[in-house]
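Coordinates in review
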Amino acid sequence: MMKEKVIFLVDMQSFYASVEKAENPHLKNQPVIVSGDPERRGGVVLAACPLAKQKGVANASRLWEAQEKCPEAIVLRPRMQRYIDVSLQITAILEEYTDLVEPYSIDEQFMDITGSQKLFGAPEEIAKSIQDRIMREVGIYARVGIGPNKALAKIACDNFAKKNKNGIFTLTKENMKTEMWPLPVGSMFGVGSRMKHHLNRMGISTIGGLAVFPLD
Ligand SMILES: [Mg+2]
């Protein structure tokens, strides 16, 4: 029998803002926003740290709106080269656990740890070890979604690991129906707003509804 794959999606919390906070300790307890063109109030929020998000600041909102919600926020301009360098540093950490690492975006990376378990332990132990190393070496909190394929790993991360206390969540064939099926169909990896609209019009509102919908 073929061994079930174990795929991780490792996501950095508020990546640009976290890099800035990690490198500037005086920002630690302050709400931080990284924004394009901070000189113009029409700039867009590229990242907000959790303290700023608590005040209602959302990614991709206008800077002036963000500053209305959180006037005390420290606004920084992005240092893209630095974020790319840190992202590559994180890739190098992940590559110590497996040679199957696939950056998905600047702050999210897939990895296949199917063959790494003899050396490094059970999936959740590996996830914890990765979180600890990223925190120790780059000062950033990473969340890990785990699943038998990339789609489930990504869904596990976005919908569960990010909301979990320990930042780790595993979707399996066993808990898929109870945990994932009740989610709105727009939470499905690959379903964007247009597809969601089409599916909703077909009467499909949840991932479970999509799963049981007759194929033809
Ligand atoms: Mg992220």
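Residues numbered from 1 in each chain as written. Predicted model: local features only at pLDDT ≥ 70, side-chain atom pairs only at ≥ 80, totals over all residues. Heavy atoms only, no water.

1. Focus on the coordination of the magnesium ion
Protein-derived ligands of the magnesium ion are Asp11 (OD), Met12 (O) and Asp107 (OD), with the metal-ligand distances lying across 2.1 to 2.6 Å. In terms of primary sequence, the donors binding the magnesium ion are separated according to D-M-x94-D. When its relative accessible area of 2% is taken as the criterion, Met12 is described as buried. (Donors = N, O, S within 2.8 Å, 3.2 Å for Na, K, Ca; no water. Buried < 20%, exposed > 50% of the residue type's maximum accessible area, 1.4 Å probe, protein only.)

2. Considerations on the packing of helix H1 (residues 15-23) against helix H4 (residues 80-94)
Close contact between H1 and H4 brings their axes to 10 Å; oriented N to C, the two are set at 90 degrees. On the basis of the axis angle, H1 is roughly perpendicular to H4. Facing Phe15, Tyr16, Val19, Glu20 and Glu23 of H1, the residues of H4 in contact are Met80, Arg82, Tyr83, Val86, Ser87 and Ile90. (Axes fitted to C-alpha atoms, helices over the stretch in contact; angles between N-to-C directions. Helix = DSSP H or I, 4+ residues; strand = E, 2+ residues; numbered from the N terminus. Parallel < 35°, antiparallel > 145°, perpendicular 65-115°, else oblique. Contact = heavy atoms within 4.5 Å.)

3. A short note on the environment of Pro31
Mapped onto the elements of the fold, Pro31 is located in the loop between H1 and strand S2 (32-35). For Pro31, a relative accessible area of 10% gives the class buried. In this structure the C-alpha to C-alpha distance between Pro31 and Lys21, which are 10 residues apart in sequence, comes to 9.6 Å. Apart from residues no more than four positions distant in its own chain, Pro31 is found in contact with Cys49, Leu51, Ala52, Cys70, Glu72, Ala73 and Ile74.

4. Structural notes on the state of the cysteines
Going through the model one piece at a time under the given rule, you end up with zero disulfides. Left without a disulfide partner, Cys49 is nearest to the cysteine sulfur of Cys70, which lies 7.9 Å away. Here Cys157 stays free of any disulfide, with the sulfur of Cys49 as its closest cysteine sulfur at 19 Å. (Disulfide = S-S within 2.5 Å.)

5. Considering helix H6 (residues 123-138)
With 16 residues, H6 should cover 22 Å at 1.5 Å per step; its first-to-last C-alpha distance of 22 Å lies within 8% of that length. Listing the buried residues of H6 in full gives Pro123, Ile126, Ala127, Ile130, Gln131, Arg133, Ile134 and Val138. The positive-phi residue at the C-terminal boundary of H6 is Gly139, with phi of around 70 degrees. (Expected span 1.5 Å × (residues − 1).)

6. Focus: the packing of aromatic side chains
One pass over the structure, following the stated rule, counts seven aromatic pairs. Aromatic side chains Tyr97 and Phe120 sit 5.1 Å apart centroid to centroid with 50 degrees between the ring planes, which places their arrangement in the tilted category. Of this pair, Tyr97 sits in the loop between H4 and strand S5 (101-105) while Phe120 sits in helix H5 (residues 117-120), and the two are 23 residues apart along the sequence. Given the relative accessible area of 33%, Phe120 is considered partly exposed. Here Tyr104 and Phe189 contribute two aromatic rings whose centre-to-centre distance is 5.9 Å and whose plane-to-plane angle is 75 degrees, an arrangement assigned as edge-to-face. A residue pair is termed long-range when its members are at least 10 positions apart, and Tyr104 in strand S5 and Phe189 in the loop between helix H8 (176-180) and helix H9 (193-201) qualify at 85 residues. Looking at Tyr104, the relative accessible area reads 41%, which means it is partly exposed. The lysine or arginine in question, Lys150, covers the ring of Phe110, its NZ or CZ lying 5.6 Å from the ring centre. (Phe/Tyr/Trp six-rings, centres within 6.5 Å; stacked < 30°, edge-to-face > 60°. Lys NZ or Arg CZ within 6 Å of the ring centre and 35° of its normal.)

7. Focus on the pairing of strand S6 (residues 108-112)
For S6, a buried count of five out of five residues is recorded, marking the element as mostly surrounded by other parts of the structure. Residues of S6 alternate between two faces, with Glu108, Phe110 and Asp112 on one and Gln109 and Met111 on the opposite face, all of them buried. Where strand S1 (residues 7-12) and S6 come together, five bridges link them in antiparallel fashion. Within S6, the residue paired with Ile7 across the bridge is Asp112. (Pairing = 2+ DSSP bridges.)

8. Considering the pairing of strand S7 (residues 142-147)
Summarising burial for S7: six of the six residues are buried, a large majority. Alternating residues of S7 divide into Ala142, Val144 and Ile146 and Arg143, Gly145 and Gly147, and every residue in both groups is buried. Pairing between S1 and S7: six bridges, direction antiparallel. Looking at the pairing, Leu9 lines up with Gly145 of S7. With three bridges connecting them, S7 and strand S8 (residues 168-170) associate as parallel partners. Bridging across to S8, Ile146 finds its partner in Thr170. Where the polypeptide runs from S7 across helix H7 (residues 150-159) and back to S8, its parallel neighbour, the crossover connection is left-handed. (Right-handed = clockwise from strand over helix to strand, strands pointing away.)

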